[in-house]
Amino acid sequence: MPCHWDGCGKEMQKESISRHIVTVHLSDKMKCGSCGKQFTRSDSKLRHLKVSKRKECRESELHDSRAKRLCLSWP
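Residues numbered from 1 in each chain as written. Predicted model: local features only at pLDDT ≥ 70, side-chain atom pairs only at ≥ 80, totals over all residues. Heavy atoms only, no water.

**Side note on the layout of surface pockets**
Reasoning step 1: Considered as a void within the structure, the largest pocket measures approximately 210 Å³ in volume.
Reasoning step 2: Considering the residues around the largest pocket, the lining is formed by K10, M12, S16, R19, H20, T23, V24, F39, T40, R41 and S44.
Reasoning step 3: With 4 residues, helix α1 (residues 17-26) is the largest single contributor of residues to the lining of the largest pocket.
Reasoning step 4: Of the residues that constitute the lining of the largest pocket, the class distribution is 3 nonpolar, 5 polar and 3 charged. (1 Å grid on protein atoms, 1.4 Å probe; cavity = no way out; pocket = protein on both sides within 12 Å on 5 of 7 lines; lining within 4 Å. Points joined across faces, edges and corners; volume = space filled by probe spheres on them. Helix = DSSP H or I, 4+ residues; strand = E, 2+ residues; numbered from the N terminus. Nonpolar A, V, L, I, M, F, W, Y, C, P; charged D, E, K, R; others polar.)

**A closer look at the pattern of salt bridges**
Reasoning step 1: Per the stated rule, a full pass over the model turns up 2 salt bridges.
Reasoning step 2: Notably, a salt bridge pairs D43 with R41, separated by 2.8 Å at the nearest N-O pair.
Reasoning step 3: Classification of D43 as partly exposed rests on a relative accessible area of 34%.
Reasoning step 4: Across the salt bridge formed by R54 and E56, the nearest N and O atoms sit 3.9 Å from each other.
Reasoning step 5: Judged by relative accessible area, which is 39%, R54 ranks as partly exposed.
Reasoning step 6: E56 sits in the partly exposed class, given a relative accessible area of 45%. (Salt bridge = Lys/Arg side-chain N within 4 Å of Asp/Glu carboxyl O. Buried < 20%, exposed > 50% of the residue type's maximum accessible area, 1.4 Å probe, protein only.)

**Focus on the state of the cysteines**
Reasoning step 1: In the structure shown here, the tally under the stated rule is 0 disulfides.
Reasoning step 2: With no disulfide of its own, C8 lies 3.9 Å from the sulfur of C3, the closest cysteine sulfur.
Reasoning step 3: The class of C8 is partly exposed, set by a relative accessible area of 30%. (Disulfide = S-S within 2.5 Å.)

**So, α1**
Reasoning step 1: Restricting attention to buried positions, one finds in α1 the residues I17, H20 and T23. All buried residues of α1 lie within an arc of 145° about the axis, which places them on one face of the element. Exposed positions of α1 whose direction lies more than 90 degrees from the buried face are S18 and L26. (Arc of directions from axis to C-beta.)

Keep in mind these values describe shape, not function.
Written out as structure tokens, the structure is:
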């Protein structure tokens, strides 16, 4: 089933349409601080930081993980 969002048309299963619209078309994008690649989901960004072939991206994962933990533990 195609996404009917103007200019998209990406094919996916019917069950995935709502998640696709929220994550791709409505949410703010996160950016890798090293290479600039954009992500719509935090798990995609974290996966990129862990498995990237670029050393700079993998090293920024340490900083990103620490920052996330600090935000989560802040009162």
